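A look at the structure
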Amino acid sequence: MPATVSARLGGRVTLEAHADGGIVACFDGYSVGLGTFSADAADRAQKLRTGLPLASFVSNSRNIDKEINLLVRRLAWHGLLEYRLGRSRIGEDLVVIEPQIPDYWPRTSQLGNADALVLSRFAYMRRRGNEIVLESPRAGALFKICDPKVVTAVAILSTPQQIKQLRRQDGFPGVEFLALLVDCQIVFKIDVAGESGLRPAEGDHNLVLWDFHDLLFHTRSTEGRHANPLGGVYPYAGVISPLPAVRPRWPGRKIDLRKFSAAHPEAISPVAKLLRERHSTRSFDDQRPITVAELSRLLDSTARVLSRSNSKVDLDDGGHAVRPYPSAGAGYELELYLAVDKCEGLARGFFHYDAGAHALVPIGVPTSELEGQLTGAAYAMGAPAAPQILITIAARFGRISWKYSSIAYSLILKDVGVLTQTLYLMATDMGLGGCAIGITNIDLFAKMTGIEFQVEGPVGQFAIGRGAKSGASH
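Scope of this entry: the structure provided in the associated data block. Just so we're clear, the structure is a prediction, and the values are computed from it rather than from any experiment. (Residues numbered from 1 in each chain as written. Predicted model: local features only at pLDDT ≥ 70, side-chain atom pairs only at ≥ 80, totals over all residues. Heavy atoms only, no water.)

Here we come to unusual backbone geometry. We note that Asp 28 has phi near 50 degrees; this positive angle belongs to a residue other than glycine. Assessed through its relative accessible area of 46%, Asp 28 is described here as partly exposed. Positive phi, normally seen in glycine, also occurs at His 358, with a value near 50 degrees. Here His 358 lies in the loop between strand S18 (349-354) and strand S19 (359-363). (Buried < 20%, exposed > 50% of the residue type's maximum accessible area, 1.4 Å probe, protein only. Helix = DSSP H or I, 4+ residues; strand = E, 2+ residues; numbered from the N terminus.)

Once that is clear, we can look at the nonpolar core. Of all hydrophobic cores here, the largest spans 58 residues; its most connected members are Leu 48, Leu 75, Tyr 83 and Phe 143. Considering every element that reaches this core, the biggest residue donor is helix H5 (residues 175-183), with seven residues. Setting aside residues up to four positions removed in sequence, Leu 48 forms contacts with Ala 7, Arg 8, Leu 9, Leu 15, Leu 71, Val 72 and Leu 75. Membership of the second largest hydrophobic core comes to 46 residues, among which are Leu 215, Tyr 332, Ile 391 and Val 416. (Core = buried A, V, L, I, M, F, W, Y, C linked by side-chain atoms within 4.5 Å. Contact = heavy atoms within 4.5 Å.)

To continue, consider the packing of helix H9 (residues 367-381) against helix H12 (residues 442-449). Following both chains from N to C, one finds H9 and H12 inclined at 145 degrees, their axes separated by 10 Å at the closest point. Crossing angle aside, the handedness with which H9 passes H12 is left-handed. Here H9 contributes Glu 369, Leu 370, Gly 372 and Gln 373 to the contact with H12, which in turn contributes Leu 444, Phe 445, Lys 447 and Met 448. The residue inventory of the contact of H9 with H12, partitioned by class, reads four nonpolar, two polar and two charged. (Axes fitted to C-alpha atoms, helices over the stretch in contact; angles between N-to-C directions. Left-handed = near helix turned anticlockwise from the far one by under 90°. Nonpolar A, V, L, I, M, F, W, Y, C, P; charged D, E, K, R; others polar.)

Of all the eight residues making up H12, six are buried; the element is thus mostly covered by neighbouring parts of the structure. Among all positions in H12, only Ile 442, Asp 443, Leu 444, Phe 445, Ala 446 and Met 448 are buried. With a side-chain oxygen lying 3.1 Å from the backbone nitrogen of Asp 443, the N-terminal cap of H12 falls on Asn 441. Of the residues one or two after H12, Gly 450 is the one with positive phi, at around 75 degrees. (Polar contact = N/O pair within 3.5 Å; in protein donor to acceptor, adjacent residues only side chain to side chain.)

Taken together, the side chains of Tyr 236, Val 239 and Ile 240 define a hydrophobic patch exposed on the protein surface, amounting to about 360 Å² of accessible area. Locating Tyr 236 in the fold gives a position in the loop between helix H6 (212-220) and helix H7 (270-277). You can call Tyr 236 exposed: its relative accessible area is 54%. (Patch = residues over 30% accessible without salt bridge, like charges linked within 9 Å, V, L, I, M, F, W, Y side chains within 5 Å. Areas by Shrake-Rupley, 256 points an atom, 1.4 Å probe, with all protein chains shown as cover. Salt bridge = Lys/Arg side-chain N within 4 Å of Asp/Glu carboxyl O.)

Before going further, it helps to spend a moment on the pattern of salt bridges. By the definition in use, this model includes 26 salt bridges. The closest approach of N and O atoms between Arg 138 and Glu 202, which form a salt bridge, is 3.3 Å. Residue Arg 138 is located in the loop between strand S10 (131-135) and strand S11 (141-145), and its partner Glu 202 is located in the loop between strand S13 (187-189) and H6; the two are separated by 64 residues in the primary sequence. Residue Arg 138 is classed as buried on the basis of its relative accessible area, which comes to 8%. The buried category is assigned to Glu 202, whose relative accessible area is 7%. Taking the shortest distance from any N to any O, the salt bridge between Glu 277 and Lys 273 comes out at 2.5 Å. Of this pair, Glu 277 and Lys 273 both sit in helix H7, separated by four residues, roughly a single helical turn. Overall, the relative accessible area of 46% leaves Lys 273 in the partly exposed class. Connected through shared salt-bridge partners, Asp 286, Asp 341, Lys 342, Arg 348 and Glu 371 make up one network.

Within the fold, Gly 51 resides in the loop between helix H1 (39-45) and strand S5 (52-53). Along the sequence, Gly 51 and Arg 8 sit 43 residues apart, while their C-alpha atoms lie 4.4 Å from each other.

Structurally, the position occupied by Asp 415 is in helix H11 (residues 408-430). Engagement of the side chain of Asp 415 in a polar contact is seen with the side chain of Ser 327, the distance being 3.2 Å. Discounting chain neighbours no more than four positions away, the residues touching Asp 415 are Pro 326, Ser 327, Ala 328, Glu 333 and Leu 334.

Taking burial as the measure, the five residues of S11 include five buried ones, the bulk of the element. With burial as the criterion, each face of S11 is covered, one bearing Ala 141, Phe 143 and Ile 145 and the other bearing Leu 142 and Lys 144. Two elements, strand S7 (residues 95-99) and S11, share five bridges in a ladder whose sense is antiparallel. If you follow Val 95 over to S11, its bridge partner there is Ile 145. As defined by bridge partners, S10 adjoins S11 across three bridges and the pair is classed as antiparallel. Note that in S11 the partner of Val 133 across the bridge is Lys 144. The loop that links S10 with its antiparallel partner S11 comprises five residues. (Pairing = 2+ DSSP bridges.)

Now for the pairing of strand S1 (residues 4-9). Along S1, five of the six residues are buried, which leaves the element largely enclosed by surrounding structure. Direction of pairing for S1 relative to strand S6 (residues 81-86): antiparallel, over a ladder of six bridges. Opposite Val 5, over in S6, you have Leu 85 as the bridge partner. Bridge count between S1 and S5: two bridges; the pairing is antiparallel. Each bridged residue has a counterpart across the sheet, and for Ala 7 the counterpart in S5 is Leu 52.

Pairing in this open sheet of three strands is antiparallel, and the strands run S12-S8-S13 from one edge to the other. Either end of the sheet is taken by a strand with one partner, and the two such strands are strand S12 (161-162) and S13.

Further remarks concern the packing of H7 against H11. At their nearest, the axes of H7 and H11 sit 9 Å apart, and the two run at 100 degrees to each other. Taken together, the axis directions place H7 and H11 in an arrangement best described as roughly perpendicular. On H11, the residues touching Leu 274, Leu 275 and Glu 277 of H7 are Gln 421, Leu 425, Thr 428 and Asp 429. Among the residues forming the contact of H7 with H11, the class breakdown is three nonpolar, two polar and two charged. (Parallel < 35°, antiparallel > 145°, perpendicular 65-115°, else oblique.)

Spelled out as structure tokens, the structure:
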């Protein structure tokens, strides 16, 4: 019997049907209204507790099918669904599919016996509690494997296999499972006769430049392509005591350096004074927004291209550029994108900073996406309102990974730290407020720019504006 895909409520989710026809999803003390539906649809929706086969309603052949399809899509958008793959409605699950992005929907393309499949080099299996999960930084969902025979079937795909060969394997999970893996780019089709190597065969030449651990770190340490807890959630509060703010001193006789330091404040250099005055500003004075002239000065002093060289140093025929901050291998892979909420002399919108021409180039984006980016920054800062300008620091990843192996993403993050401190110091010097933000949504940025997340994507953010008199913190 072939396995079927069913939609199922997440483990902590329940549905409440109200007398007026409204259906509400409840989870973890929260509730989300899903709309008004007929009594028949409300009754059928209760089957989502155990699983409702997608094939039973996606055809939209009846009005009730249309209602259920709408309800399920809304649940999926809010991340309240999982999908089970099983051979019967009441039998054990073969696989449970957990969405990692809001718009994930299971899709199964047609696969023939002659098709050859191989596991992506970015796919991996790991233990999660008492479970085995299969995932990939490229995938829109992860697969919780419930049947040990499925693990064997996945392991066989480490080398290219035709489907007709896989069918002979004991415990073959079915073509439907393989089609779901292909859709998630965990497995990909390959022309065995025509391929010269598996690394460049995954459908995107930009992926050739990525090492496995770098792409995994990028997607799992940012927002947008996974469903794991993120940010300051204090996961070990009450379990492990926090480390002290200052490390306990090493034993032994200390050499007190204070007697060698400058005794008088006037002896402190301007740079040292800036370093001491630098702080994070999370609240901004929207009655006195930053001006376009101030923004121009900030960008000119921190990120503009100062000079270029076309010499083929170190085999790099892409040339070299010099900017105000240091960069690994003089790569200068970082680009600035500005979400402008309030700036005197500049329209509200989304812009790319052309560091070579010292110019802003507008990028047309839906208002909802601009709002989403600004609102996300305010939430990440714990601020009462959006920053006047949000600078997204994006990386052209191939600029660094073309040269460096294993340490490419690490070097990019070091460059982000250097640029962030440069922005802090210049903002302090200009009397402006700034705040580094540790969370960026790589999926939202990809939608706003139309650039695939593995080609160019956000690696940091910095809020800038005229600070309110309160709201500063280190």
